[in-house]
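Here is what each chain is made of, one letter per residue.
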Amino acid sequence: MFKNYLIALKTLAFKECYRILRIWTQTIVPPVITMILYFLIFGQFLGNHIGMIEGVTYTSFITPGFIMMSTITNTYANVSGSLFMNKFQRSIEDLLIAPVPPTVILWGYILGGLFRGLLIALIVTLVACFFTKLQFTHYLILICTIFLTLIALSCAGFINGMIARKFDDIALVPTFILVPLTYLGGVFYPINNLAPLYYHISLFNPIIYMVNLFRYGMLGITDVNINFALSILLVITIALYLLAYWMFKQGIGVKR
Amino acid sequence: MYSSALEVNHLTKIYKNGFTALNDVSLTIQQGDFFSLLGPNGAGKTTLIGVITTLIKKTSGTITIYGHDLAQEEFVAKQILGVVPQEINLPAFETCWQILINQAGYHGIPVKAAKESAEQCLRQLFLWDKRDSQTIALSGGMKRRLMIARALIHQPKLLILDEPTAGVDIEIRRSMWQFLSELNRNGTTILLTTHYLEEAENLCNKVALINLGKIQYQGEMKQFISQLEVETFVLQIAESLTGLPLPTTWNWRLVNSQTIEVDLPKEKTISELIEFLHSKNITVIRLTNKFNRLEELFINLTKQVAHV
């Protein structure tokens, strides 16, 4: 049976990856264009006037945040969009009728999210090479951060896809929650510079920990305690995974 | 070795709004049966299939597929099951080939075997030429056939078809009947729901009638048909009549000068009727059922239940 599940997982993950590559003009090109514009505007046009932040140029400072921002939004959109489309076309029924356990289905979508997230991260990193000199200081932290973040966001997207009843529902969370949290998540500024009230409010934003961990991995600088940030990220990832698994096992949004 | 392919015991489904879709339904389908589940719209057919396929959660009761309890051994039971749903649920932008390969993968079939099986299924259902077409480009009949191919990719022992011929033209419908009959002869147990009662009568050896969430009848198709008390026949005659021949021992009506409609009770034979007409120098050119026999019985039975 385990072999069967492995084949099912491979099939589902491959299907998801193939879908991402098939519609590359929707999944890959737009975030790359957006990031080129961000690097031009914030890195080149504005960054030159801002000067050094925490010992690095502004372009270098915002690069880890840009990579995280693009991967976070794309991973989330990938999983929520793909699951919702399968629900909308009712092709999810193929999977639900087949002898595939909920864990395998969830991981199939997570692997799809990981693929798109890593692909975007790689392309944005290559784009960043044209604007700044890249550094990679703590590889292990970088790898842990990117994988935990992508798994967490995939699970969050999966939950959104499950409970969404119409197309508007999968745009709500990115528009009103994810993007504001990302913009206020220390991508463009160090939160240490904020007034104490805003600083403390910012600490409730989970994106802060993802961005700072990644920035620490690349540049070796951070606004938060790394061990604490890693613990928070781990807890968020496990909690979202368990919630997504439980909801799917209960058939919430996919079974009657 | 289990003789039954599907056993449904005391199955009840009550939706959150309080509607009882299935009320203590029990059903047994033996291995090798071609079983028809009949019922009017909203009777509970699709809910029953939804519960068997786990797309709908049951309230109570048990389901066993080839001896495997669906609640205890869900994934073993599902490996035996193939399902063709009522509504088309194909991903619009995937090709026929991809859909079959993916479905095989979900059942744990390795790629090489999946390719062989996909080719066989596509050829059997006359879709081989369309293997690289996206489903959005297929006609309604082709989509239906693709859904059957998809359900057969893992060679299930029990195939469930929820109105598979709905909306397909008569030629395709007949070719599908032929295909399903052959599949059944080769050992696949089939559970079919259909609105085309002629389909059920022609294909199935067993039948169950469900109405208002309850099984009203379950048994052999022949016995079911034998319950029919009266059949209405339409006779086309060579002569032009102005009135019905006497004595009027038959319950008949003159529809027009060359058409007679007669209600024939089951104790009377068609031969008696034709002999009588012949004795009156009336020649019968053609004789047809006014209704499909099963249709008549079905309407009578569901009417009785509605009045109770």
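(A) Representation of the pairing of strand S10 (residues 214-220) of chain B. All names here are of chain B. As judged from the six bridges shared by strand S9 (residues 206-211) and S10, these two strands associate in the antiparallel manner. For Asn211, the partnering residue across the bridge sits in S10 and is Lys214. Following S9, the chain reverses through two residues before pairing antiparallel with S10; Leu212 in that reversal takes a positive phi of roughly 50 degrees.

(B) The arrangement of the domain arrangement of chain B in detail. Looking at the assigned domains, one finds that chain B contains domain 1 (4-226) and domain 2 (230-307). Inter-centroid distance (C-alpha atoms) of domain 1 of chain B to domain 2 of chain B is 38 Å.

(C) Region of interest: the interface of chain B and chain A. Facing 32 residues of chain B, the contacting portion of chain A comprises 26 residues. Summing both partners gives a buried area of about 2700 Å² for chain B against chain A, and 56% of it is carried by carbon and sulfur. Considering only the surface of chain B that becomes buried against chain A, Leu55, Phe75 and Tyr106 of chain B emerge as the three largest contributors, covering 29% of it. Along the contact surface separating chain B from chain A lie three salt bridges. Here Arg150 of chain B and Asp94 of chain A are joined by a salt bridge, their closest N and O atoms 2.8 Å apart. Inspection of the region where chain B meets chain A yields eleven residue pairs in polar contact (both at pLDDT 80 or more). Of all the secondary structure elements, the ones that give two or more residues to the side of chain B that touches chain A are helix H2 (74-80) and helix H3 (96-106) of chain B. Sort the elements by how many residues they give to the side of chain B that touches chain A and H3 of chain B lands first, with six residues. Its residues placed into classes, the side of chain B that touches chain A shows 16 nonpolar, ten polar and six charged.

(D) Broad picture of the sheet that holds strand S8 (residues 189-193) of chain B. Residue and element names in this part refer to chain B. Judged by pairing direction, the sheet is mixed, and its six strands sit side by side in the order S6-S7-S8-S3-S9-S10 without closing on themselves. Two strands close off the open sheet at either side, each with one partner strand: strand S6 (81-84) and S10. The mean inter-strand angle of the sheet, taken between neighbouring strand axes irrespective of direction, is 15 degrees. The pairing of strand S3 (residues 34-38) with S8 spans four bridges and is parallel. Considered in S8, the bridge of Phe35 is made with Leu191. Strand contacts of helix H5 (residues 140-152): S6 and strand S7 (158-162), with the helix running at about 170 degrees to S6, the strand carrying the most contacts. Across the face of the sheet, helix H6 (residues 170-185) comes into contact with S3, S7 and S8 while running at roughly 145 degrees to S8.

About the criteria used
Counting from 1, residues in each chain are numbered in the order their sequence is written. Here the convention is simple: chains get letters from A, ligands get numbers from 1, in the order in which they are written. Note on the predicted model: pLDDT of at least 70 is required for a residue's local features to be given, and 80 or more for side-chain atom pairs to be given and counted; whole-chain, interface and lining totals, by contrast, use all residues. Excluding hydrogens and water, the side-chain values take into account all heavy atoms of the structure. By the convention used here, strands pair only if DSSP detects at least 2 bridges between them. For the purposes of this entry, the term helix denotes a DSSP run of H or I that reaches at least four residues, the term strand denotes a run of E that reaches at least two, and both are numbered from the N terminus. The domain limits used here are those given by an automatic or database domain assignment. By definition in these notes, contact holds between two residues if any of their heavy atoms fall within 4.5 Å. By buried area we mean how much accessible surface two parts lose on assembly, using a 1.4 Å probe and totalling the loss over both. Salt-bridge detection follows one rule: a side-chain nitrogen of Lys or Arg within 4 Å of a carboxyl oxygen of Asp or Glu. Side-chain atoms alone can form a polar contact between residues adjacent in sequence; in general such a contact is a pair of N or O atoms within 3.5 Å, and within protein one must be able to donate a hydrogen while the other accepts it. In this classification, the charged set is Asp, Glu, Lys and Arg, the nonpolar set is Ala, Val, Leu, Ile, Met, Phe, Trp, Tyr, Cys and Pro, and all remaining amino acids, among them Gly, are polar. Fitting a line to C-alpha atoms yields each axis, with helices limited to the stretch in contact; the angle taken between N-to-C directions then spans 0 to 180 degrees.

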